[in-house]
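Spelled out from the first residue to the last, the chains are:
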Amino acid sequence: MAGSIVILTGAGVSAESGVDTFRDKHGIWSNSDYREVATPEGFSAKSDLVHTFYNQRREGLAKVVPNAAHVALARLEREHSGEVTLVTQNIDDLHERAGSKNLIHMHGELAKALCSRCGTRHDWRETLSTQVPCPACGKTGGMRPDVVWFGEMPYHMERIYEALRECDLFIAIGTSGNVYPAAQFVQEAGRAGAHTVELNLEPSETVSDFDEVIYGPASRVVPEYVERVLRAK
């Protein structure tokens with residue numbers, strides 16, 4: 001029986017809900033230059049382009065719903081007797097809408113805005129532009145999507161590493177294993193003595209670091225594995 005569980009989710013979880021992935025062959029980065037729309041330098045040079053890009057992504061949230069994998073992970077958090085920490089690389093809100101509570105968005109959230117002038121964060125579903133004033137400081141030109149861009153430090157790393165050092169079971173779901181520092185989480189958990197599991201459509205780049213691997217669509221393999229964990233209690 002697993003006591004403390006840490007789960008890492010990537011694009012493969014939300015892809016089955018219809019959320020566009022970034023790194024796949026036909027993903028977003030095959031049509032958009034990340035240097036223009038996902039870097040601080042790109043925002044400084046072409047803020048209107050960046051806002052248009054993320055406004056489109058934000059509007060898309062209304063067109064997707066959580067799938068069986070999201071629902072199963074929320075169930076695991078509710079029914080498991082130990083601690084369950086869900087760390088996601090995804091910037092959508094599908095885990096929240098499925099019912100997950102103990103959730104860490106290490107790459108930020110599409111439905112939030114960050115004021116680069118005063119540092120405040122705000123829930124944000126509307127269109128964002130350089131003309132929008134910050135609700136806190138009132139200044140314009142500084143509001144940006146609250147997402148982690150290339151060259152920026154992921155959020156909540158201290159809290160994540162603390163959870164990894166204390167976990168008994170680490171599960172990576174729908175991740176490619178080529179985005180750091182998340183790709184190293186399995187090694188951190190393994191050093192702490194955790195059993196490590198990969199649930200994925202295909203082998204990740206870090207597959208050799210896992211104790212157990214199960215392949216298949218997240219909407220099938222995640223509910224099955226959650227059932228297995230809950231039965232073992």
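Residues numbered from 1 in each chain as written. Predicted model: local features only at pLDDT ≥ 70, side-chain atom pairs only at ≥ 80, totals over all residues. Heavy atoms only, no water.

## A closer look at the side chain of Asp146
Within the secondary structure layout, Asp146 lies in strand 6 (residues 143-147). You can call Asp146 buried: its relative accessible area is 3%. Reaching out from Asp146, the side chain makes a polar contact with the side chain of Arg121 at a distance of 2.9 Å. Here the side chain of Asp146 touches Tyr155 through a polar contact of 2.6 Å, side chain to side chain. (Helix = DSSP H or I, 4+ residues; strand = E, 2+ residues; numbered from the N terminus. Buried < 20%, exposed > 50% of the residue type's maximum accessible area, 1.4 Å probe, protein only. Polar contact = N/O pair within 3.5 Å; in protein donor to acceptor, adjacent residues only side chain to side chain.)

## Considering a negative patch on the surface
On the surface, a cluster of negative charge is contributed by Glu83, Glu158, Glu162 and Glu166. Mapped onto the fold, Glu166 is located in helix 7 (residues 157-166). (Patch = residues over 30% accessible without salt bridge, like charges linked within 9 Å, V, L, I, M, F, W, Y side chains within 5 Å. Areas by Shrake-Rupley, 256 points an atom, 1.4 Å probe, with all protein chains shown as cover. Salt bridge = Lys/Arg side-chain N within 4 Å of Asp/Glu carboxyl O. Lys, Arg positive; Asp, Glu negative; His and termini not counted. Charge placed at Lys NZ, Arg CZ, Asp CG, Glu CD.)

## Side note on the packing of aromatic side chains
All told, the structure shown has five aromatic pairs when counted by the stated rule. Each ring, one from Tyr161 and one from Phe185, has its centre 5.7 Å from the other, and the planes form 80°; the classification is edge-to-face. Taken together, the positions of Tyr161 in helix 7 and Phe185 in helix 8 (residues 185-191) put the pair 24 residues apart, joining distant regions of the chain. Phe185 gets classed as buried once you look at its relative accessible area, which sits at 1%. Three or more aromatic residues joined by ring pairs make a cluster, and in this case those are Phe43, Phe53, Tyr54 and Trp149. (Phe/Tyr/Trp six-rings, centres within 6.5 Å; stacked < 30°, edge-to-face > 60°.)

## Details of the side chain of Gln89
Residue placement: Gln89 occurs in the loop between strand 2 (84-88) and helix 6 (94-98). Given a relative accessible area of 16%, Gln89 falls into the buried group. Leave out the neighbours within four places in its chain, and Gln89 touches Leu8, Thr9, Gly10, Met106, His107, Thr175, Val179 and Ala182. (Contact = heavy atoms within 4.5 Å.)

## Details of the sheet that holds strand 9 (residues 212-215)
Ordered in space as 3-2-1-7-8-9, the six strands form an open sheet in which the pairing is parallel. The two strands at the open ends of the sheet, each matched to only one other strand, are strand 3 (103-105) and strand 9. Taking the axes of each pair of neighbouring strands and ignoring which way they run, one obtains an average angle of 15° across the sheet. When strand 2 meets strand 3, the two strands line up parallel, connected through three bridges. The residue of strand 3 that forms the bridge with Val87 is Ile104. (Pairing = 2+ DSSP bridges. Axes fitted to C-alpha atoms, helices over the stretch in contact; angles between N-to-C directions.)

## Re the sheet that holds strand 6
In space, the three strands of this open sheet follow the order 5-4-6, with antiparallel pairing throughout. In this open sheet, the two edge strands, each paired with only one partner strand, are strand 5 (121-123) and strand 6. Neighbouring strand axes in the sheet, compared pairwise and without regard to direction, differ in orientation by 45° on average. The pairing of strand 4 (residues 108-115) with strand 5 spans three bridges and is antiparallel. Its bridge partner lying in strand 5, Lys112 is registered against Asp123.

## Describing the environment of Ser14
If you trace the backbone, Ser14 turns up in helix 1 (residues 11-15). The buried category is assigned to Ser14, whose relative accessible area is 2%. C-alpha separation for the pair Ser14 and His95, spaced 81 residues apart in sequence, amounts to 9.1 Å. For Ser14, the contacting residues outside a window of four places in its chain are Val19, His70, Asn90, Asp92 and Leu94. A polar side-chain atom of Ser14 sits 3.4 Å from a polar atom in the side chain of Asn90.

## Things to note about the pattern of salt bridges
Pairs can form between side chains of opposite charge once their charged atoms are near each other. Tallied over the full model, the rule gives twelve salt bridges. Salt-bridge contacts for Asp146 lead to Arg121; the nearest nitrogen and oxygen are separated by 2.9 Å. Of this pair, Asp146 sits in strand 6 while Arg121 sits in strand 5, placing them 25 residues apart in sequence. The class for Arg121 is partly exposed, based on a relative accessible area of 44%. Arg228 is the salt-bridge partner of Glu212, the closest N and O atoms lying 2.8 Å from each other. Taken together, the positions of Glu212 in strand 9 and Arg228 in helix 9 (residues 218-231) put the pair 16 residues apart, joining distant regions of the chain. Since its relative accessible area comes to 43%, Arg228 is described here as partly exposed. Through salt bridges with shared partners, a single ionic network connects Arg75, Glu79, Glu227 and Arg231.

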